[in-house]
Amino acid sequence: LEKRLAKWDGTTFVIARFIGASPASTSLPHLLGGIAQELVTHFALQEEIEIDGPAGAKTKQMQTMGVPQDPNLLKTKWPKFLEAAAVKGQVLLVLDAVNQLDRSADPLRVYWLPHKLPPNLRIIMSVLDHGERSQPEAAAEPPDWLAVLRRREIREEKVAALTEDEQREIIR
């Protein structure tokens, strides 16, 4: 399903991730690295690098953007992937069950979620609402994802639970 949702329809490139669907899907570096690689591949993202030329002269050259394996380097480069892709076209990231990310994704440090999105980039996330724990003023341990996102005043759309008939229809 994930592969079928990642498509180019002439307007918007959609990347969907279902966190918790597999053990590797709960790792933030794995999630961001996979999305970055998909953006690089789809948009043929390039970056300028400096190389040593003859006699030590430095020259600049364009190459395909590299996706770092090191989580700290990926953290630093993540915004560049988003910005470069958004320049090339409209992008929609759909991240389902963000609350299932492992401890490497400390909700108190949501560095990977830009405070201001580049034009042409939209992100839709789903997280569980834990009632009182999910209120912005809550100081729950471990930190509640929805409470942290609410503190950032991100637009929120509540989705009602599926009815029993809807649930049955899905599993048919």
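Structure: above.
Observations concerning the pattern of salt bridges
- Throughout the structure, instances matching the rule amount to nine salt bridges.
- Taking the shortest distance from any N to any O, the salt bridge between Glu156 and Arg150 comes out at 2.7 Å.
- Linking Arg168 and Glu164 is a salt bridge whose minimum nitrogen-to-oxygen distance equals 3.7 Å. Placement of both Arg168 and Glu164 in helix H5 (residues 164–171) is noted, with a separation of four residues, approximately one turn of the helix.
- When salt bridges that share partners are traced, they join Asp129, Arg150 and Glu156 into one network.

Remarks on the packing of aromatic side chains
- In the structure shown here, the tally under the stated rule is two aromatic pairs.
- Judged by centre distance (5.7 Å) and plane angle (80°), the rings of Phe13 and Phe43 are edge-to-face. Remark: Phe43 occurs in helix H2 (residues 28–43) and Phe13 occurs in strand E2 (residues 12–18); sequence separation between them is 30 residues.
- Relative accessible area serves as the criterion here: at 4%, Phe13 is assigned to the buried category.
- When the ring of Trp112 is compared with that of Trp145, the centres are 6.3 Å apart and the planes differ by 55°; the resulting orientation is tilted. Taken as a pair, Trp112 in the loop between strand E5 (90–96) and strand E6 (121–125) and Trp145 in helix H4 (residues 145–151) lie far apart in primary sequence, 33 residues in all. Comparing Trp112 with Trp145, the two get one shared label, buried.

As for the nonpolar core
- Ile35, Leu39, Leu101 and Trp112 are the most contacted members of the largest nonpolar core, which totals 33 residues.
- Those elements giving two or more residues to this core turn out to be E2, H2, helix H3 (71–88), E5 and H4.
- In terms of residue count, H2 provides more of this core than any other element does, eight residues in total.
- Among all residues touching Ile35, those that are not within four sequence positions of it are Ile15, Arg17, Trp78, Leu93 and Leu95.

Some remarks on unusual backbone geometry
- Positive phi values are uncommon outside glycine, yet Ala44 reaches one of about 50°.
- Along the chain, Ala44 falls in the loop between H2 and strand E3 (46–52).

A few points about H3
- For H3, which comprises 18 residues, the first-to-last C-alpha distance of 25 Å matches the rise-based estimate of 26 Å (1.5 Å per residue) to within 8%.
- Most pronounced at Lys77, the bend in H3 amounts to some 40°, and the proline Pro79 follows within four residues.
- Looking at H3, one finds that the buried residues are Leu74, Lys77, Trp78, Phe81, Leu82, Ala85 and Ala86.
- Those residues of H3 that are buried lie in contact with H2, E3, E5 and E6.
- A side-chain oxygen of the first residue of H3 lies 2.7 Å from the backbone nitrogen of Asn72; this N-cap is Asp70.

Definitions and cut-offs
- Residues numbered from 1 in each chain as written.
- Predicted model: local features only at pLDDT ≥ 70, side-chain atom pairs only at ≥ 80, totals over all residues.
- Heavy atoms only, no water.
- Salt bridge = Lys/Arg side-chain N within 4 Å of Asp/Glu carboxyl O.
- Helix = DSSP H or I, 4+ residues; strand = E, 2+ residues; numbered from the N terminus.
- Phe/Tyr/Trp six-rings, centres within 6.5 Å; stacked < 30°, edge-to-face > 60°.
- Buried < 20%, exposed > 50% of the residue type's maximum accessible area, 1.4 Å probe, protein only.
- Core = buried A, V, L, I, M, F, W, Y, C linked by side-chain atoms within 4.5 Å.
- Contact = heavy atoms within 4.5 Å.
- Expected span 1.5 Å × (residues − 1).
- Bend = angle between axes of the 7 residues up to and from the residue.
- Polar contact = N/O pair within 3.5 Å; in protein donor to acceptor, adjacent residues only side chain to side chain.

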